[in-house]
Amino acid sequence: MLGIALSPILKLLHVILGVSTAQNFPPPLAPREEEETFRVARTGAEQDRFDARQKLILHNLRLVAHVVRKYYATATNQEDLISIGTIGLVKAVDTFKIDNGARFATYAAKCIQNEILMHFRAQKKLSAEVSMNETIDVDRDGNPLTYTDVISSEENVAEEVSRRVEQERALALVQTRLEPRERQIINLRFGLNGAPAMTQREIAQKLGISRSYVSRIEKAAIGKLREGFGLSR
């Protein structure tokens, strides 16, 4: 299971993709375009498959935000839950069968819910076993929300898809595409070196440079990482 230690990578990935807030999420694809994009993702040339997969993920991130707002409206760590839910979305994109007649949004919502539920289960295992009827949050109407309320009624995804594909890609790009100074700034900014993430001002003080210089380096580095993901700067 993807651990809390990968949270910095998830946050970096969201910045690379330009979707760190729900307002920036691109709109959903039209049904026909979505179906065609899935077909390209399954049968196209290698680069076309990669591009189609990225497109499906990006254009369904609003669904992740919707699930989080619907079931965890009062949660204080909604950005973390969106990051965790995004892993479920990636699994949904990779395992969805386009010819089974089901709507992708329905299937993906279940995968997203399952991913968040597994996150809560993992947290609880660190302390003690809990009842499926234990309250873990409240919905937007103030009603108690239990594990049973959010667990999927459908079968679990048959084969576990690697949860770290996008995160590992981001890490690889940090190592291969960035200059040493850019890599240092990104590592410090997102806490990739195991230490807490730092603000631009803190980094500037640590390295003895100006905050504006840190900002310029960070912006250039993110641009290179976006290019590595096949996205425009």
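Being a predicted model, the structure only gives us computed values, none of them experimental.

A. How the structure looks around the overall build of the protein chain. From N to C terminus, the protein chain includes eleven helices and two strands. Looking at the protein chain as a whole, 45% of its 233 residues qualify as buried. Counting contacts in the protein chain only where the partners sit at least 6 residues apart, residues at least 24 apart contribute 63% of the total. If you sum the accessible surface of the protein chain, you get close to 12,700 Å²; carbon and sulfur atoms cover 49% of it.

B. Spatial organisation of the nonpolar core. Ranked by internal contacts, the top residues of the largest apolar core, which has 32 residues, are Tyr-72, Leu-81, Leu-89, Val-93, Phe-104, Ile-112 and Ile-116. Looking at which element gives the most residues to this core, the answer is helix H6 (residues 104-125), with eight residues. What Ile-112 contacts, discounting residues up to four positions off in sequence, is Leu-63, Val-64, Val-67, Gly-85, Gly-88 and Leu-89. One finds Leu-12, Ala-170, Ile-186 and Leu-225 within the second-largest nonpolar core, a separate group that totals eleven residues.

C. Quick look at the packing of helix H9 (residues 180-190) against helix H11 (residues 211-228). One way to put it is that H9 packs onto H11 with a least axis distance of 9 Å and a crossing angle of 100°. Here H9 is positioned roughly perpendicular relative to H11, judged by the angle of their axes. Facing Arg-181, Glu-182, Ile-185, Ile-186, Arg-189 and Phe-190 of H9, the residues of H11 in contact are Val-214, Ile-217, Glu-218, Ala-220, Ala-221, Ile-222 and Lys-224. Here the residues of the contact of H9 with H11 are counted per class, giving eight nonpolar, no polar and five charged.

D. Spotlight on the pattern of salt bridges. A complete count under the given rule lists eight salt bridges for this structure. Among the ionic pairs, Asp-94 bridges to Arg-53, the shortest N-O distance being 2.7 Å. In this pair, Asp-94 is assigned in helix H5 (residues 78-95) and Arg-53 in helix H3 (residues 46-58), connecting sequence segments 41 residues apart. What makes Asp-94 partly exposed here is its relative accessible area of 27%.

Here is what the cut-offs are and how they apply
- Residues numbered from 1 in each chain as written.
- Predicted model: local features only at pLDDT ≥ 70, side-chain atom pairs only at ≥ 80, totals over all residues.
- Heavy atoms only, no water.
- Helix = DSSP H or I, 4+ residues; strand = E, 2+ residues; numbered from the N terminus.
- Buried < 20%, exposed > 50% of the residue type's maximum accessible area, 1.4 Å probe, protein only.
- Contact = heavy atoms within 4.5 Å.
- Areas by Shrake-Rupley, 256 points an atom, 1.4 Å probe, with all protein chains shown as cover.
- Core = buried A, V, L, I, M, F, W, Y, C linked by side-chain atoms within 4.5 Å.
- Axes fitted to C-alpha atoms, helices over the stretch in contact; angles between N-to-C directions.
- Parallel < 35°, antiparallel > 145°, perpendicular 65-115°, else oblique.
- Nonpolar A, V, L, I, M, F, W, Y, C, P; charged D, E, K, R; others polar.
- Salt bridge = Lys/Arg side-chain N within 4 Å of Asp/Glu carboxyl O.

These figures come from the coordinates and say nothing about function on their own.
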